[in-house]
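Below are the chains, spelled out letter by letter.
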Amino acid sequence: MEKTKIIAIASHKGGVGKTTTAATIGSLLSSQGKKTLLVDLDAQRNLTSTFLGTRFSPDMTLYEAFCGHCAIPICHVRDNLDIVPSSLDMGALDTVIASRIQRETILRQLLKSVKDEYDWILLDCPSQMGIITVNAFTAATSIIVPISCDAYAAEGLLQLIKMAEIVSTGLNPVLDIDGIIITRFHTRRSLDRMVEQDLRGHYGELVFPTKIRENATIVHAPIMSLDIISYDPKCNGARDYAGLLKEIEERLK
Ligand SMILES: Nc1ncnc2c1ncn2[C@@H]1O[C@H](COP(=O)(O)OP(=O)(O)OP(=O)(O)O)[C@@H](O)[C@H]1O
Ligand SMILES: [Mg+2]
């Protein structure tokens, strides 16, 4: 059994709260004294900007590490919290590593030398189901899928599940999908209640009981280069994520 929990936060859709989930759960875990590493796998580098600011431009990023030019670069954020920064170049990674042998296992190899130093490693995936996400699934012990409530919320989810099954059959037998998080939930909108009912009907207990409500504070926090726990620990978003984390920890015991 792996000691470090390595969670890929992935989704078949964009803008559903992957980065917000990684940032908030990472911040909560570190404040509880659990040593946490965040890995920004997305060329948009939103997770990097949240913790290191939009102007921070490190010499080495995950991209250079993927290319074999350096070991995995780790930036210290605060007590118990580190981050591997991303760069815009990650957008070209598919092409750059296309002919590499064992290109699906690059991230797993990179994390090997550092993972024992952490209790949790959170992988913030891009929304494309390409080679970067396959690398995340190959390195992870479990997958968490945020889904926001719109009319096509679950469309594409089956492909993600299929991809996870392929990776777990071939490359990573310990991999499991540990849960679906309903995010950006509008309490008063009937569409959201219908989507929730539908998801719970289809995926049962895989859907975490706690939902993350739509919350304006969540939008403001990253503008100040802060996660929401540091920005306003009492806002609904922070409370929802704290409840969710308890459920995640229970499920991963
Ligand atoms: N519960 C919420 N309430 C309000 N706004 C939210 C919530 N969750 C996320 N957001 C906002 O929605 C936007 C998209 O969120 P986020 O960046 O976390 O999604 P993502 O899935 O990582 O997107 P991408 O696919 O582009 O990487 C951001 O502006 C974020 O602040
Ligand atoms: Mg994101």
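Just above, that's the structure.
*Asks:* Would you mind going over the overall build of the protein in detail, with residue names and values included?
*Replies:* A tally of helices and strands in the protein yields eleven helices and seven strands. For 253 residues, the compact-globule estimate of 2.2 N^0.38 gives 18 Å, and the C-alpha radius of gyration of the protein, at 17 Å, lies within 12% of that figure. For the C-alpha atoms alone, the extent of the protein along its principal axes is close to 50 × 40 × 35 Å. Put simply, the protein has 253 residues, and 54% of those count as buried. Taking the intrachain contacts of the protein between residues at least 6 apart in sequence as the baseline, contacts between residues at least 24 apart amount to 77%. Computing the positive centroid from 27 side-chain charges and the negative centroid from 30, the protein places the two 4 Å apart.

*Asks:* Any details on the pairing of strand E7 (residues 176-183)? Residues and values, ideally.
*Replies:* Counting buried residues along E7, seven of its eight residues qualify, which places the element largely inside the surrounding structure. A crossover links strand E6 (residues 142-148) with its parallel partner E7, the connecting element being helix H7 (residues 157-170), and its sense is right-handed.

*Asks:* Tell me about the side chain of Asp227, and please be specific about residues and values.
*Replies:* Here Asp227 lies in the loop between helix H9 (216-223) and helix H10 (228-231). Only 2.7 Å separates the side chain of Asp227 from the side chain of Ser27, close enough to count as a polar contact. Residues within four places of Asp227 in sequence aside, it is in contact with Ala23, Ser27, Thr50, Phe51, Arg78 and Ala221.

*Asks:* Go over the environment of Leu62, please, and point to the residues and values.
*Replies:* Here Leu62 is to be found in helix H3 (residues 62-66). Residue classification places Leu62 among the buried positions, given a relative accessible area of 0%. Placed 27 residues apart in sequence, Leu62 and Asp89 show a C-alpha to C-alpha distance of 9.4 Å. What Leu62 contacts, discounting residues up to four positions off in sequence, is Val39, Asp40, Leu41, Ile72, Pro73, Val84, Pro85, Met90, Leu107 and Leu110.

Rules used throughout
Residues numbered from 1 in each chain as written. Chains lettered and ligands numbered in written order. Predicted model: local features only at pLDDT ≥ 70, side-chain atom pairs only at ≥ 80, totals over all residues. Heavy atoms only, no water. Helix = DSSP H or I, 4+ residues; strand = E, 2+ residues; numbered from the N terminus. Rg over C-alpha atoms; globule rule 2.2 N^0.38 Å. Buried < 20%, exposed > 50% of the residue type's maximum accessible area, 1.4 Å probe, protein only. Contact = heavy atoms within 4.5 Å. Lys, Arg positive; Asp, Glu negative; His and termini not counted. Charge placed at Lys NZ, Arg CZ, Asp CG, Glu CD. Right-handed = clockwise from strand over helix to strand, strands pointing away. Polar contact = N/O pair within 3.5 Å; in protein donor to acceptor, adjacent residues only side chain to side chain.

Bear in mind that shape data such as this cannot, by itself, settle questions of function.
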